[in-house]
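Reading the structure
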Amino acid sequence: MINFELDQEQQLIRDTVVSFARDEIRPHAREADEKGLIPSALIQKGWELGLVQSIIPEEFGGFGNGHSAISGAVVAEELAYGDLSIAMHLLAPRLVTVPVLEFGSDALKRSVLPRFCGDRFEPASAAVMEPRMDFDALTPTTSLKRDGDDYTLNGEKCLVPLGNEARQFLVIAGLSNGTGASHPQAVLIDRETPGLTIGDRERNMGLKALATTRLVFDGCKVPREQLLGGGDGAIARLANLWRVAQSAMAVGVARAAFDYARDYAKDRRAFGQVIAQKQAIAFMLADMAMEVDAMRLLTWEAAWKLDRNEDATREAHLAKRYAAEMALKITDNALQVLGGHGYIRDHLVELFLRNARSFAMLEGFAIA
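Residues numbered from 1 in each chain as written. Predicted model: local features only at pLDDT ≥ 70, side-chain atom pairs only at ≥ 80, totals over all residues. Heavy atoms only, no water.

**Let's talk about the overall build of the protein**
- Scanning the protein for helices and strands turns up 10 helices and nine strands.
- In terms of C-alpha radius of gyration, the protein reaches 21 Å, essentially the compact-globule figure of 21 Å for 368 residues.
- The buried share among the 368 residues of the protein stands at 56%.
- Restricting the contact set of the protein to residue pairs at least 6 apart, pairs at least 24 apart contribute 75%.
- With an accessible surface of roughly 16,000 Å², the protein has 50% of that area assigned to carbon and sulfur atoms. (Helix = DSSP H or I, 4+ residues; strand = E, 2+ residues; numbered from the N terminus. Rg over C-alpha atoms; globule rule 2.2 N^0.38 Å. Buried < 20%, exposed > 50% of the residue type's maximum accessible area, 1.4 Å probe, protein only. Contact = heavy atoms within 4.5 Å. Areas by Shrake-Rupley, 256 points an atom, 1.4 Å probe, with all protein chains shown as cover.)

**Focus: the pattern of salt bridges**
- Under the definition given, this model contains 28 salt bridges.
- Between arginine 30 and aspartate 33 there is a salt bridge, with its nearest N and O atoms 4.0 Å apart. Taken together, the positions of arginine 30 and aspartate 33, both in helix α1 (residues 8-35) and three residues apart, correspond to about one turn of that helix.
- When its relative accessible area of 3% is taken as the criterion, aspartate 33 is described as buried.
- Put simply, Arg14, Glu77, Glu78, Arg255, Asp293 and Arg296 are held in one network by salt bridges that share partners. (Salt bridge = Lys/Arg side-chain N within 4 Å of Asp/Glu carboxyl O.)

**Some words on the nonpolar core**
- In terms of nonpolar packing, the biggest core is built from 106 residues, with Leu79, Leu170, Met249 and Met295 touching the most fellow members.
- Here this core takes 19 residues from helix α7 (residues 231-267), the largest share from any one element.
- If we ignore the near neighbours within four places in the chain, the residues touching leucine 170 are Leu95, Val96, Pro99, Ser125, Ala126, Ala127, Ala186, Val187, Leu188, Leu228 and Trp242.
- Leu144, Tyr151, Ala166 and Leu175 belong to the second largest nonpolar core, which has 18 residues in total. (Core = buried A, V, L, I, M, F, W, Y, C linked by side-chain atoms within 4.5 Å.)

**Side note on the packing of α7 against helix α10 (residues 349-356)**
- For the pair α7 and α10, the least separation of the axes is 10 Å and the interaxial angle reads 155°. The angle between α7 and α10 places the two elements in the roughly antiparallel class. Here α7 and α10 pass one another in a crossing that is left-handed. Of α10, the residues touching α7 (which contributes Val253, Ala256, Ala257 and Tyr260) are Val349, Phe352 and Ala356.
- Broken down by class, the residue content of the contact of α7 with α10 amounts to seven nonpolar, no polar and no charged. (Axes fitted to C-alpha atoms, helices over the stretch in contact; angles between N-to-C directions. Parallel < 35°, antiparallel > 145°, perpendicular 65-115°, else oblique. Left-handed = near helix turned anticlockwise from the far one by under 90°. Nonpolar A, V, L, I, M, F, W, Y, C, P; charged D, E, K, R; others polar.)

**Quick notes on the environment of glutamine 277**
- Here glutamine 277 shows up in the loop between β9 (273-274) and α8 (279-307).
- Judged by its relative accessible area of 57%, glutamine 277 falls in the exposed class.
- Taking C-alpha positions, glutamine 277 is 8.3 Å from alanine 265, a pair spaced 12 residues apart along the chain.
- Of note is the side chain of glutamine 277, whose polar atom sits 3.4 Å from the side chain of glutamine 273. (Polar contact = N/O pair within 3.5 Å; in protein donor to acceptor, adjacent residues only side chain to side chain.)

**Things to note about the environment of proline 184**
- By the element assignment, proline 184 lies in strand β5 (residues 182-190).
- As a C-alpha pair, proline 184 and aspartate 232 span 48 residues in sequence and 6.5 Å in three-dimensional space.
- Sequence-distant contacts of proline 184, defined by excluding residues within four places in its chain, comprise Leu138, Pro140, Ile172, Ala173, Asp232 and Ile235.

**Things to note about the pairing of strand β3 (residues 150-161)**
- Of the strand pairs in this sheet, strand β2 (residues 143-147) and β3 are connected by five bridges, and their pairing is antiparallel. Bridge pairing in β3 places aspartate 147 opposite aspartate 150.
- Linkage of β2 to β3, two consecutive antiparallel strands, is achieved through a turn of two residues, within which glycine 148 is found at a positive phi near 70°. (Pairing = 2+ DSSP bridges.)

**What to know about the side chain of serine 54**
- Turning to its location among the elements, serine 54 is positioned in the loop between α2 (40-47) and α3 (69-82).
- With residues up to four places along the chain from it excluded, the contact list for serine 54 reads Phe63, Gly64, Asn65 and Gly66.

**What about α2?**
- The set of residues buried in α2 consists of Leu42, Ile43, Gln44, Gly46 and Trp47.
- Where α2 is buried, its residues contact α1 and α4 (84-91).

**Quick notes on unusual backbone geometry**
- The phi dihedral of leucine 162 is positive, around 60°, even though this residue is not glycine.
- In this structure leucine 162 comes out as buried when scored by relative accessible area, which is 0%.
- Although it is not a glycine, phenylalanine 271 sits at a positive phi angle of roughly 55°.
- Position of phenylalanine 271 relative to the elements: it lies in the loop between β8 (269-270) and β9.
- We classify phenylalanine 271 as exposed; its relative accessible area is 83%.

Have a look at this one:
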């Protein structure tokens, strides 16, 4: 039987992140979006919460709390409630730590994980998306070919978070088996690898505070020790973890928009009464609240199956697609509740709407 009741530790994590999102992230959301820059002091405060270090075993310097998709979904939702760009920045290192924890060799874990257990924020990222119309994370055109004892990486990725500062990237590439067929393979590549070119910062409609770049791999030599294990099953599980994390963030953005619109409607008066008492507005707010709960239930169902090491591909797909559609609808409705005020930058709902649009096309921006 599915049980979504958070245990004592998960509830403590949630309470901590809720306070941080409300008191630290939200007050910086507008300025970070306008300037395209997240204050370094805020990033450091987020790092000190231990959201990355907590899941790393004590033998590698972490807190040893273990990795849970449900706990990750709780954290992702609450951080995104504060601001989506800042949430993705703070959680970007997990794009490397979680795959290495689950599918890295012992040597790779000893090499990579300790650097994420220091006192300062350790930037890292994943390069998953490609600049093509028919992109599919499970059939990348970025290629990885055997070259003696090592491998050669060629291709191009886009929308890589923290591309301008990450020291390591998890890259999803198609590994040829010699017969022409290929299968997706996760590989770690260092920033200083010869042949890796990091492009300029991309100019996006939303997520303006999150620095994203393109990466070009031109004959990059990759030691075989940098390949993750697990075969096709590993990529499928990573993809499902990405989808769950993004679904959870979509819940956070949608809930933020709903709360903002509800509070505005309870305060704004027109024709002698607050607009929340008008039937059209009240029904719209009720529908928004209902959809937020539906999004969360789908997300947690997929996370629950992932925590049981069951195949959650169907549930993760459904959660991601539904959450992406509903986040856009709810943020648009929030803007509608505010009327003309929703379109101007004095209110955060236009920022929520721009950020919510990203969920329809993002893949690999977060991990639960």
